[in-house]
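# Analysis of the macromolecular model
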Amino acid sequence: MEMLKAMGASALLTACVALVIGSQGTTGGALAIYAISHEGFRFFWSWPLFFCGSGLGWGLMLLQR
């Protein structure tokens, strides 16, 4: 259950950070931010940031047990 909570928080974190960095026209280096367009809607995403955020969040939630 902690992993699902961590993935939700990480998705929100990734969307916010990728929006700020990606809207400036950069890829963020190691973050590898890229734009996704679907039916006229454009948003930014970063898999490395999502996986690192999920791992960090999961670890912090396990420490709080």
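Residues numbered from 1 in each chain as written. Predicted model: local features only at pLDDT ≥ 70, side-chain atom pairs only at ≥ 80, totals over all residues. Heavy atoms only, no water.

## Some thoughts on the overall build of the protein
Looking only at helices and strands, the protein has two helices and two strands in total. A principal-axis box enclosing the C-alpha atoms of the protein has dimensions of 40 × 25 × 15 Å. Split into buried and exposed, the 65 residues of the protein put 23% on the buried side. Nonlocal contacts in the protein, meaning residues at least 24 apart in sequence, comprise 50% of its contacts between residues at least 6 apart. As displayed, the protein has an accessible area near 4,600 Å², and 71% of this comes from carbon and sulfur atoms. (Helix = DSSP H or I, 4+ residues; strand = E, 2+ residues; numbered from the N terminus. Buried < 20%, exposed > 50% of the residue type's maximum accessible area, 1.4 Å probe, protein only. Contact = heavy atoms within 4.5 Å. Areas by Shrake-Rupley, 256 points an atom, 1.4 Å probe, with all protein chains shown as cover.)

## Quick look at the packing of aromatic side chains
Using the criterion set out here, one finds six aromatic pairs in the structure. Ring centres of Phe-41 and Phe-43 lie 5.9 Å apart, and the angle between their planes is 35 degrees; this geometry places the pair in the tilted category. Where Trp-47 meets Phe-51, the ring centres are 5.6 Å apart and the plane angle is 25 degrees; that geometry is what we call stacked. Of the two residues, Trp-47 and Phe-51 are both situated in helix α2 (residues 47-63); the distance of four residues between them amounts to about one turn of the helix. Among the residues examined, Trp-47 registers a relative accessible area of 41% and is labelled partly exposed. Phe-51 gets classed as exposed once you look at its relative accessible area, which sits at 53%. Aromatic ring contacts, followed pair by pair, group Trp-45, Trp-47, Phe-50 and Phe-51 into a single cluster. (Phe/Tyr/Trp six-rings, centres within 6.5 Å; stacked < 30°, edge-to-face > 60°.)

## Some words on helix α1 (residues 2-22)
Given 3.6 residues per helical turn, the α-helix brings residues three or four places apart onto the same face. Taking 1.5 Å per residue, 21 residues should reach 30 Å; α1 reaches 29 Å between its end C-alpha atoms and fits that length. Buried residues in α1 make contact with β2 (41-45) and α2. (Expected span 1.5 Å × (residues − 1).)

## Here we look at the confidence of the model for the protein
Overall, the prediction assigns the protein a mean pLDDT of 94, with 100% of residues at 70 or greater. For the protein, per-element mean pLDDT is lowest for strand β1 (residues 34-38), which scores 92, and highest for α2, which scores 96. (pLDDT = per-residue confidence, 0-100.)

## What to know about the pairing of β1
In the sheet, β1 pairs with β2 via five bridges, with the strands oriented antiparallel. Bridging from a neighbouring strand, Ile-36 pairs with Phe-43 of β2. Linking two consecutive strands that pair antiparallel, namely β1 and β2, is a turn of two residues; a positive phi of about 50 degrees is found at Glu-39 within it. (Pairing = 2+ DSSP bridges.)

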